[in-house]
Amino acid sequence: RRVLFRSPGPEAAMLYLTQTWEVRGSLLGRGVSGFLFWEEAYMYPGGRLYLEKDALHAVGYYSWYSAATRYQDGTTEVAHLLLGERSFGVGVVASSTGEVTAARRVTGTATLDTDGYWHRGIDYDLDGVAWRCEPDPRGHMELGPMPNPQQEGRLFRVGETRAPLLHMAWGEVVSKRIPRS
């Protein structure tokens, strides 16, 4: 028996698989440590992420961030947060303790920099819990002209008291879709 889930609809859908590893080693003769994200998107035939038959366009998404943080207490958390139009929001946080939280209601606001392209920060609400994404000023990924500039930073719960030892947040905003006040 075969079951096909079509989300959000018959013209655009995506199965998105992600894995996150903490890695240490050397790169070009230099010691490095950090997080490695491996993400794969499976779409309908002819589908191309950000271009054709993309489920994200169907929901008017305007931000997507993936993040990982290892804290001094030894706990590691991985998160994926997405925001969009028409009440679209995804918030999933998994911990090395085995706890996985999938928020039922995700809202947020992205504030664009004065250039109108990069963001200055994103504030989220995941079922009443405040989160924030602060971009790294050196984290602009210059990948050429694109509607969703990739930007590094740090994603965290507002008021978090645990000290981060290692963190990575990588994501994007679609500047032209950011709600203007």
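Residues numbered from 1 in each chain as written. Predicted model: local features only at pLDDT ≥ 70, side-chain atom pairs only at ≥ 80, totals over all residues. Heavy atoms only, no water.

## Structural notes on unusual backbone geometry
Next, step 1: Unlike most non-glycine residues, Ser87 shows phi in positive territory, near 65°.
Next, step 2: Checked against the element boundaries, Ser87 lands in the loop between strand E4 (76-84) and strand E5 (89-95).
Next, step 3: Despite not being glycine, Asp127 has its phi angle at roughly 50°, a positive value.
Next, step 4: If you trace the backbone, Asp127 turns up in the loop between strand E8 (119-126) and strand E9 (129-140).
Next, step 5: Judged by relative accessible area, which is 42%, Asp127 ranks as partly exposed. (Helix = DSSP H or I, 4+ residues; strand = E, 2+ residues; numbered from the N terminus. Buried < 20%, exposed > 50% of the residue type's maximum accessible area, 1.4 Å probe, protein only.)

## Structural notes on the sheet that holds strand E7 (residues 106-112)
Next, step 1: Spatially, E6-E5-E4-E3-E11-E10-E9-E8-E7 is the arrangement adopted by the 9 strands of the open sheet, whose pairing is antiparallel. What marks the edges here is a single partner per strand, and that holds for strand E6 (100-102) and E7. On average, each strand axis in the sheet is inclined to that of its neighbour by 20°, with strand direction left out of account. (Pairing = 2+ DSSP bridges. Axes fitted to C-alpha atoms, helices over the stretch in contact; angles between N-to-C directions.)

## Notes on the pattern of salt bridges
Next, step 1: Within this structure, the stated rule accounts for 12 salt bridges.
Next, step 2: Residues Glu160 and Arg157 are paired through a salt bridge, measuring 3.2 Å at the closest nitrogen-oxygen approach.
Next, step 3: On the accessibility criterion, Arg157 (22% relative accessible area) is partly exposed.
Next, step 4: According to the relative accessible area criterion, Glu160 is partly exposed, its value standing at 23%. (Salt bridge = Lys/Arg side-chain N within 4 Å of Asp/Glu carboxyl O.)

## Side note on the pairing of strand E3 (residues 61-71)
Next, step 1: For E3, the buried fraction is high: 11 of the 11 residues fall into the buried class.
Next, step 2: Across 9 bridges, the pairing between E3 and E4 is antiparallel. Looking at the pairing, Ala67 lines up with Ala79 of E4.
Next, step 3: Connecting the antiparallel pair E3 and E4 is a turn made up of 4 residues, with Gly74 showing a positive phi of about 95°.
Next, step 4: Here E3 pairs with strand E11 (residues 164-173) via 9 bridges, running antiparallel. When the bridges of E11 are listed, Trp64 appears paired with Glu172.

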